[in-house]
Amino acid sequence: MNADRPLLEVNALKKHFPIHGGLLGQVTAKVYAVDGVTFDIRRGETLSLVGESGCGKSTVGKAILRLFSLTEGEVYLDGERIDNMRAGKLRMMRKRVQVVFQDPFSSLNPRMRVRDILAEPLVNFGMVHGRRDLNEKVEALMDKVRLPRDAINRFPHEFSGGQRQRIGIARALAPGADLIICDEAVSALDVSVKAQIINLLADLQDELGLALLFISHDLATVEHLTHRVAVMYLGKIVELTDRRTLFAESHHPYTRALLSAVPVPDPTARRQRVILKGDVPSPINPPTGCRFHTRCPFVFDRCRVEEPLLRPVGDGHLSACHLNQVPGGQVLPTAA
Amino acid sequence: MSATAPGHVAGAPTLPAILPVPKQRGRIMGFVYRHPTIVIGGLLVGVMIFIAIFAPYLGTTDPTALAPAKRTREPSAIYWFGTDMLGRDVYSRVMYGSRVSLLVGFSVAFCASILGTLIGVVAGFIRSVDAVVMRIMDGLMSIPSILLAIALMALTRASVQNVIVAITIAEFPRVSRLVRGLVLSLREQPYVEAAIASGTRVPVIIWKHILPNTLAALMVQATFICASAMITEATLSFIGAGTPPIVPSWGNIMAEGRALWQVKPYIVFFPAIFLSVTVLAVNLLGDGLRDALDPRLAKRL
């Protein structure tokens, strides 16, 4: 274990999905779902990956889980490279990275009892010895996610959405993972349940020292539990910084637009909203230069030809925008 | 709450009983009411199974016993369904004939489901196998199943086992296609991805996560295959390519009565009624199961 290295390092991750067409099913095009994403997560830290639908944030999560192989790039867990691991070793690695999915209805097998759902990872990783031990461990998991112990003999359809999401979290906790990827884990829940689940995740993080990769489209949710935020647009990270900096002084025009879209629970508040024009370009044929240039309110000639790199603009604050290089050209909070 | 509810304000009239009192139905009557097709189909299939099992005790005589002196008798108190051109009792032959139909129907449904599931799961999980195997299935499905069965029967000698094998080969590609489709959609389900992330091995995923969730669709498909296999068996027997003539099957009885159908229609009529009712019953059962298990399946089958 390297104490100085981050728990998870993702280096220039790319995932392109081929599109098969034509008579013989040859590759006719590619979806550039994730196109060079670099970040890291430290132990016990929450990193949020935000962006609108189709920007590739879920693909990043699934690539780290190795639900498919990467097109390019490297992923290190605790200094050990996991993106090219062989099947046998990979299976044991899975013990350390777990996932909670968005939809609490399709993420639990409708034909398995809660006990069997929670027992699955425990049995797979050889963590139980005998039936009594299994029962104890499953009950301990139910305690952790604040569900009644006697619910273990029920089927998923007997639970509400929030309760099901707790079962999903319990399953992710079962093997004692270091990192849990929450893929839109609270997006399908209503507001009060959402708050409960977020608080539960925060409590569990304190209790167990978990690192969380929190994938979400909702900045308002992210604000409550994250340490750092990475903003994605069309398969790339456009800005990465800690929570306070992001919400107070983000640099990237896209981040500003996202922030201005967060609803404020005050009907009298008058705000200047940044309304983006047009739709997200297709990831099959992304724009040249800066990917955001087709919708950016501050676009200038350089943006159309040269791709901006993710550069440091402050302490631990990365941003990919040409305006950062123009002296005094940064979009300051007051400008928005 | 109740103290402030409008109904309890002094002087206000109490609510009239506008809602009818819900009928108290027993569990069984409730099921009959909700799934009439399952009940009717199930009962009829049950009756047919009863007839097949207890054929010797239902006032039948030897269905193969010849009595040339008593040939082509009209239905009467002695010969309920009459006798055929060789003097055999049509009633006994029809009762015993249910054994062949049900045996062929159920065996084909079972074998085709097993074989189709096996191939469907393999094709759904291994892309390279999928491309080849599914083209073969397409090829098999492009031949009308009755023609395929006739061709296969022409290669072997007539027997009930060979009929079962021939119809199974003609029917299983449909199952494999259904199962492959289900596997392809089920393996994308988040609970399967979660199982992979939990370190579950592929065979266990298939056994615990994929197969149980294909069962509903598979059962429905199996009932339809059962019905279609019964018709195919009768057709094969009718054209002389099915069960050997010595075995009383509904198709055979009809084939033998065909020459006389204008003067002695009852020889064809009774086995035809039994075949129709049995096939209808199995189809009703399948329809009912489909609606009860998953209404969304209605579009897929």
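Residues numbered from 1 in each chain as written. Chains lettered and ligands numbered in written order. Predicted model: local features only at pLDDT ≥ 70, side-chain atom pairs only at ≥ 80, totals over all residues. Heavy atoms only, no water.

### Some words on the overall build of chain A
From N to C terminus, chain A includes 10 helices and 12 strands. In terms of overall dimensions, chain A is globule-like: its C-alpha atoms have a radius of gyration of 21 Å, near the 20 Å expected for 336 residues. Seen along its three principal axes, the alpha-carbon backbone of chain A occupies a region of about 70 × 60 × 45 Å. When burial is assessed residue by residue, chain A has 51% of its 336 residues classed as buried. Counting only carbon and sulfur atoms, one obtains 51% of the accessible surface of chain A, whose full area is about 15,500 Å². (Helix = DSSP H or I, 4+ residues; strand = E, 2+ residues; numbered from the N terminus. Rg over C-alpha atoms; globule rule 2.2 N^0.38 Å. Buried < 20%, exposed > 50% of the residue type's maximum accessible area, 1.4 Å probe, protein only. Areas by Shrake-Rupley, 256 points an atom, 1.4 Å probe, with all protein chains shown as cover.)

### Quick notes on the sheet that holds strand β3 (residues 46–50) of chain A
Residue and element names in this part refer to chain A. Read across the open sheet, the 8 strands follow the order β6-β7-β8-β3-β9-β10-β12-β11; overall the sheet is mixed. Since the sheet does not close on itself, it has two edges, and those belong to β6 (97–100) and β11 (311–314), each with one partner. On average, adjacent strands in this sheet sit at an angle of 25 degrees to one another, irrespective of strand direction. Of the strand pairs in this sheet, β11 and strand β12 (residues 317–319) are connected by 3 bridges, and their pairing is antiparallel. Counterpart to P312 in the pairing with β12 is L318. Packing against the sheet, helix α6 (residues 191–208) makes contact with β3, β7 (179–183) and β8 (211–216), and its axis sits at approximately 160 degrees to β8. (Pairing = 2+ DSSP bridges. Axes fitted to C-alpha atoms, helices over the stretch in contact; angles between N-to-C directions. Contact = heavy atoms within 4.5 Å.)

### Some thoughts on unusual backbone geometry
All names here are of chain A. Non-glycine residue A12 carries a positive phi angle of around 50 degrees. Within the secondary structure layout, A12 lies in strand β1 (residues 8–21). For E184, which is not a glycine, the phi torsion comes out positive at approximately 55 degrees. For E184, the location among the structural elements is in the loop between β7 and α6. A relative accessible area of 8% means that E184 is categorised as buried.

### Points about the interface of chain B and chain A
It is common to give the size of an interface as the accessible area that goes away when the parts come together. Counting from both sides, the interface comprises 17 residues of chain B and, opposite them, 21 residues of chain A. Around 1,700 Å² of area is buried between chain B and chain A when both sides are counted, 53% of it from carbon and sulfur atoms. Linking chain B with chain A are 1 salt bridge. Linking chain B to chain A there are 14 residue pairs in polar contact (both at pLDDT 80 or more). Elements supplying a minimum of two residues to the side of chain B that touches chain A: α7 (190–197) and α8 (202–238) of chain B. Tallying contributions element by element places α7 of chain B first for the side of chain B that touches chain A, with 7 residues. Tallied by class, residues from the side of chain B that touches chain A come to 8 nonpolar, 6 polar and 3 charged. (Buried area = accessible area lost by both parts, 1.4 Å probe. Salt bridge = Lys/Arg side-chain N within 4 Å of Asp/Glu carboxyl O. Polar contact = N/O pair within 3.5 Å; in protein donor to acceptor, adjacent residues only side chain to side chain. Nonpolar A, V, L, I, M, F, W, Y, C, P; charged D, E, K, R; others polar.)

### Description of helix α9 (residues 250–257) of chain B
Residue and element names in this part refer to chain B. The buried fraction of α9 is high, at 6 of 8 residues. For α9, every residue scored as buried is listed here: W250, G251, N252, I253, M254 and G257. The inward-facing, buried residues of α9 contact α2 (36–53), α3 (90–125), α8 and α10 (266–293).

### Some remarks on the sheet that holds β1 of chain A
Read across the sheet, 4 strands follow the order β2-β1-β4-β5 (chain A) without closing on themselves; strand pairing throughout is antiparallel. At either end of the open sheet lies a strand with only one pairing partner, and these are β2 (26–41) and β5 (80–81) of chain A.

### Some points on the environment of R81 of chain A
Residues and elements named next belong to chain A. Relative to the assigned elements, R81 resides in strand β5. According to the relative accessible area criterion, R81 is partly exposed, its value standing at 32%. Each C-alpha atom of the pair R81 and E9 lies 9.1 Å from the other, and the pair is 72 residues apart in sequence. For R81, the contacting residues outside a window of four places in its chain are G73, E74, V75 and Y76. A distance of 2.8 Å separates polar atoms of two side chains, one belonging to R81 and the other to D83.

### Digging into the confidence of the model for chain A
Any segment with low pLDDT has predicted coordinates that should not be analysed in fine detail. The predicted model of chain A has a mean per-residue pLDDT of 87, with 96% of residues at 70 or higher. Here residues 332–336 of chain A scores under 50 on pLDDT; set against residues more than four positions off or in separate chains, the count is 5 contacts. (pLDDT = per-residue confidence, 0-100.)

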